[in-house]
Amino acid sequence: MSDNNAIIKELRENNPFMSSASPLPWNNTTPDLVQLNRVASEEIESLILQKRRQPSVPLAGLILGEPGSGKTHMLTRMLRKLRLHAKLAIFVTVRTFLDPESVRHHLLSEILISLTQFHSANKSQFDMLVNEVLESFREQRLNDGFTDISKIDPKIYMARDMPGIDKRVLKCLSIYSGTTDKNVKWSVLEWLREGLDDEDSHNLGLPVRDVNSMSVPARESEAEKILVSLGLLLAYAKVPMIVCFDQLDAMKDRELIQAWGSVINLLMNDLSGVLPLCFVKFTIWNDILKPNLDPSVYQRLEHHRIIMKECSLDQAKLLIYDRIAASFRDSANEKYNWLISRLGDTLKPGFSPRMVIELANKVIFTDDKPDTTSTSGRKPKLKSESGSGSESESEIFKTIRNVYNEECRKIKAQPSSWPPSAENLTLALSTWLDARENFEVTSENKRGHLKIQGESGGKKYSFFIVTPKVHISAANALKQAIELMNQSPDNECFYVSETKVHKRTWRRTNEILQDFQDNGGHAYILDKDSRIDWYGLAALVNRIDNGDVDLFLDSGHRTATRDDIREFVRSLKLLDTGGGSDVNAGVSKAQTHRTKLSIDPNILGRSLLTILNKSPMRMISINKAMENLSKNSIQISESDLAAFLKANPERFKLFSSKSDMIISLTDNDKKP
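So, here is what we can say about the structure in this document. (Residues numbered from 1 in each chain as written. Predicted model: local features only at pLDDT ≥ 70, side-chain atom pairs only at ≥ 80, totals over all residues. Heavy atoms only, no water.)

### Some thoughts on the overall build of the chain
- Assigned secondary structure in the chain consists of 25 helices and 19 strands.
- Counted over contacts in the chain with a minimum sequence separation of 6, partners at least 24 positions apart contribute 72%.
- Total accessible area on the chain stands at roughly 29,400 Å², and carbon and sulfur atoms take up 48% of it. (Helix = DSSP H or I, 4+ residues; strand = E, 2+ residues; numbered from the N terminus. Contact = heavy atoms within 4.5 Å. Areas by Shrake-Rupley, 256 points an atom, 1.4 Å probe, with all protein chains shown as cover.)

This is how it looks when you write it as structure tokens:
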């Protein structure tokens, strides 16, 4: 084997340019290009310090730059500095707004999702905030002259310390801080985010809160009360919360943009301790967002206008070297020189860090040398073996599939980042239905559920999506579906929910569900595995809509569009619109149709043998095996990998441990 072939083999087996950065700044361990965006980092750090010293001062930051310009790395850098000084800051990411009438409810939900994420020492961000609140309470009582704080009711004194705070929020704080039961803590946050069923609320000692039975204005008002109370807690604890708005490209509607602007105004003026940071492209800001925002909002944002820069040529080369050195310490120079020579003139100044990484990754798996010409002045073109349209279509399908699988892996690794959401399930289902031939889709927002209707080939379909953890919402949706089927026998009706939502203890609701099925309805209750397909598709659509997926084609580089994902989306099978379901009484595992990947079983087998022979005792968890396979550019779901292993018992064993599935080699197959 030549030296070049050996380098290629090693880079493919342990690819340092796979997309592996965590969306959470404290979990991000990939090498950071410190020289890039140092000025932007310092400007944001200054805003955070101002917010810590003066929580009520209205501040916001507008960060302009292209996707992949290093936002997560920059936040990671700031977090490390704060830790060095033993300071806490809360980081929140808010995904795309979809409904102009529910922006406050959406904001509250996204904040609470981020607060549940584990930060360090197995503590969530909310755990850390609660600790700071209690420490501030102790300090104030000691200053008041109290010597035995244990005899004081914190709720009474905190209500005095924070005039205007919602007493229900203080009750939640008391319950949360007084238990070590993770399920109770999770339920408290769910009560704040979406509300809980009457039984669950009573078990916590909280009043019933069913936000989905409220009118839209009442729900928005309710969300604002809790948001303002959260701001008071942040100011009380002297903890800043950085709210990062990303993926804003999809907001095109004027009404939605103005509603988003009202959220920015709320955060700046009414929530103490909160610093909103808006990450957006130059063109999107100048052409779409700014013209549709109130001047008081965009002027305040532009007061702290921060620019994310792209890489110089030296910075791009340093980024490549640092990535290689992190994986190959002893042979970094050799591999770096090979890769730089292969990139040739393709590597130019003006690329984002993500573009540099994607180029390097592409070169490792491309046999031809990259074409040094450019079709757009700055963006590279990578030449493939064929210039045919089918070759481009195949490349598009493969790229979209890889992005989808990447998003599914993230969701599986951090399921709490994607709690039950009717909006996201609707986005996934609408996209999937729209990809079917001649399928017309409309949607309707009902109290407690979302309804999608479609028509194809003269046949009508209705889909009822329920995610509130409230039995009344589920029962009402099912009753409407039964009524619809009785009125229109030719209408195929589907009920979609999740095992996290639809409970076995909902006796009367499950009886109605059985009636629904007896009348010909189809029930899909998504379990922890099948839900990943749906939320993975929603995440893919968000990235596509925000221009966050690059395509390298014979015609050059461009960003992917919704039209590009139609073929891949058609290959998915979220549900069977032809009828039939194996769900019994609404609580069994829903039909799961995972994407079958076109992976050569011989390549997969050889890769697994290599991985296992390098592992201690020639054993590895199935999740770790999937990570290592992805470094070899083999993307495969857990269910597909398990099926492959079971189909090859003469070579591999698959068995359960306490926490995971374990793969091992058989005794007669110990060498690759």
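### So, the packing of aromatic side chains
- Evaluated as defined, the whole model comprises 13 aromatic pairs.
- Each ring, one from Phe 126 and one from Tyr 176, has its centre 4.8 Å from the other, and the planes form 85°; the classification is edge-to-face. Pair noted here: Phe 126 is in helix H5 (residues 125–143) and Tyr 176 is in helix H7 (residues 167–177), with a separation of 50 residues, a long-range link.
- Using a relative accessible area of 6% as the deciding quantity, one classes Phe 126 as buried.
- Each ring, one from Phe 146 and one from Tyr 157, has its centre 5.6 Å from the other, and the planes form 80°; the classification is edge-to-face. Of the two residues, Phe 146 is situated in the loop between H5 and helix H6 (154–161) and Tyr 157 in helix H6; the sequence distance between them amounts to eleven residues.
- These aromatic residues form a ring-pair network of at least three members: Tyr 461, Phe 463, Phe 494 and Tyr 524.
- Between Arg 209 and the ring centre of Trp 191, over which it is positioned, the NZ or CZ distance is 5.3 Å.
- Cation over ring: Arg 436 sits above Trp 432, and NZ or CZ is 4.3 Å from the ring centre. (Phe/Tyr/Trp six-rings, centres within 6.5 Å; stacked < 30°, edge-to-face > 60°. Buried < 20%, exposed > 50% of the residue type's maximum accessible area, 1.4 Å probe, protein only. Lys NZ or Arg CZ within 6 Å of the ring centre and 35° of its normal.)

### Some words on the packing of H5 against helix H10 (residues 216–237)
- Two elements in contact, H5 and H10, have axes separated by 8 Å at closest approach and are oriented at 60°. Classified by the angle between their axes, H5 and H10 sit oblique to one another. Between H5 and H10 lies a crossing whose hand is left-handed. When H5 is examined against H10, the residues Leu 129, Glu 132, Val 133, Ser 136, Phe 137, Gln 140 and Arg 141 are found in contact with a partner set consisting of Leu 230, Leu 233, Leu 234, Tyr 236 and Ala 237. (Axes fitted to C-alpha atoms, helices over the stretch in contact; angles between N-to-C directions. Parallel < 35°, antiparallel > 145°, perpendicular 65-115°, else oblique. Left-handed = near helix turned anticlockwise from the far one by under 90°.)

### Structural notes on the pattern of salt bridges
- Enumeration over the complete set of coordinates arrives at 32 salt bridges.
- The partner of Lys 185 in a salt bridge is Asp 127, and the shortest N-O contact between them spans 3.4 Å. Here the residue Lys 185 occupies a position in helix H8 (residues 182–193), and Asp 127 occupies one in helix H5, the gap between them amounting to 58 residues. Neither residue differs from the other here; Lys 185 and Asp 127 are each classed as buried. (Salt bridge = Lys/Arg side-chain N within 4 Å of Asp/Glu carboxyl O.)

### A few points about the pairing of strand S16 (residues 556–559)
- The pairing of strand S15 (residues 550–553) with S16 spans four bridges and is antiparallel. From the neighbouring strand, Phe 552 faces S16, where its bridge partner is His 557.
- The hairpin formed by S15 and S16 contains two residues between the paired strands. (Pairing = 2+ DSSP bridges.)

### Points about unusual backbone geometry
- A positive phi angle, close to 60°, is found at Lys 238, a residue other than glycine.
- Counting through the fold element by element, Lys 238 comes out in the loop between H10 and strand S7 (241–245).
- Of the residues examined, Lys 238 reaches a relative accessible area of 53% and is grouped as exposed.

### A word on the packing of helix H18 (residues 422–434) against helix H21 (residues 530–545)
- Between H18 and H21, the shortest axis-to-axis distance is 8 Å and the interhelical angle comes to 80°. In terms of their interaxial angle, H18 and H21 are classed as roughly perpendicular. Contacts between H18 and H21 involve Asn 424, Leu 425, Leu 427, Ala 428, Leu 429, Thr 431 and Trp 432 on the former and, on the latter, Trp 534, Tyr 535, Leu 537, Ala 538, Val 541 and Asn 542.
- Taken together, the residues of the contact of H18 with H21 sort by class into ten nonpolar, three polar and no charged. (Nonpolar A, V, L, I, M, F, W, Y, C, P; charged D, E, K, R; others polar.)

### Observations regarding the nonpolar core
- Grouped together as the largest cluster of nonpolar side chains are 73 residues, with contacts concentrated most on Phe 245 and Trp 260.
- Broken down by element, this core gets its largest block of residues, nine residues, from helix H11 (residues 254–270).
- Once residues within four sequence positions are removed from consideration, Trp 260 is found in contact with Phe 97, Val 103, Phe 245, Leu 248, Met 251, Cys 278, Leu 289, Leu 293 and Leu 301.
- The next biggest cluster of nonpolar side chains, apart from the first, holds 43 residues, and it includes Ile 452, Phe 463, Leu 537 and Phe 568. (Core = buried A, V, L, I, M, F, W, Y, C linked by side-chain atoms within 4.5 Å.)

### Some remarks on helix H2 (residues 38–53)
- With 16 residues, H2 should reach 22 Å at 1.5 Å per residue; the first-to-last C-alpha distance of 23 Å fits that figure.
- Along H2, the residues classified as buried are Ala 40, Ser 41, Ile 44, Glu 45, Leu 47, Ile 48, Lys 51 and Arg 52. Projection of H2 onto a plane perpendicular to its axis shows the buried side chains occupying an angular sector of 160°, all on one side. Away from its buried face by more than 90 degrees, H2 exposes Val 39 and Arg 53. (Expected span 1.5 Å × (residues − 1). Arc of directions from axis to C-beta.)

### Description of the sheet that holds S7
- Reading across from one edge, S2-S7-S8-S1-S9 is the order of the five strands in this open sheet, with parallel pairing throughout. On the outer flanks of this sheet lie strand S2 (90–94) and strand S9 (305–307), each paired with one strand and no other. Strand-to-strand twist of the sheet, defined as the mean angle between neighbouring strand axes without regard to direction, takes the value 25°.
- As defined by bridge partners, S7 adjoins strand S8 (residues 274–280) across five bridges and the pair is classed as parallel. Residue pairing for S8: Cys 244 is matched across the bridge by Leu 277.
- Across the sheet, helix H4 (residues 103–115) is in contact with S2 and S7; its angle to S2 comes to roughly 135°.

### Thoughts on the environment of Thr 467
- By secondary structure assignment, the location of Thr 467 is in the loop between strand S12 (459–465) and helix H19 (471–487).
- Sequence separation between Thr 467 and Pro 420 is 47 residues; the distance between their C-alpha atoms is 5.6 Å.
- Setting aside chain neighbours within four positions, we find Thr 467 in contact with Pro 420, Ser 421, Ala 422, Leu 425 and Val 501.
- In terms of polar contacts, Thr 467 uses its side chain to reach the backbone amide nitrogen of Ala 422, at 3.2 Å. (Polar contact = N/O pair within 3.5 Å; in protein donor to acceptor, adjacent residues only side chain to side chain.)

### So, the side chain of Glu 190
- Its location among the elements puts Glu 190 in helix H8.
- Of note is the side chain of Glu 190, whose polar atom sits 3.4 Å from the side chain of Lys 469.
- In this view, Glu 190 contacts Gly 195, Leu 196 and Lys 469; residues no more than four positions away in its chain are not counted.

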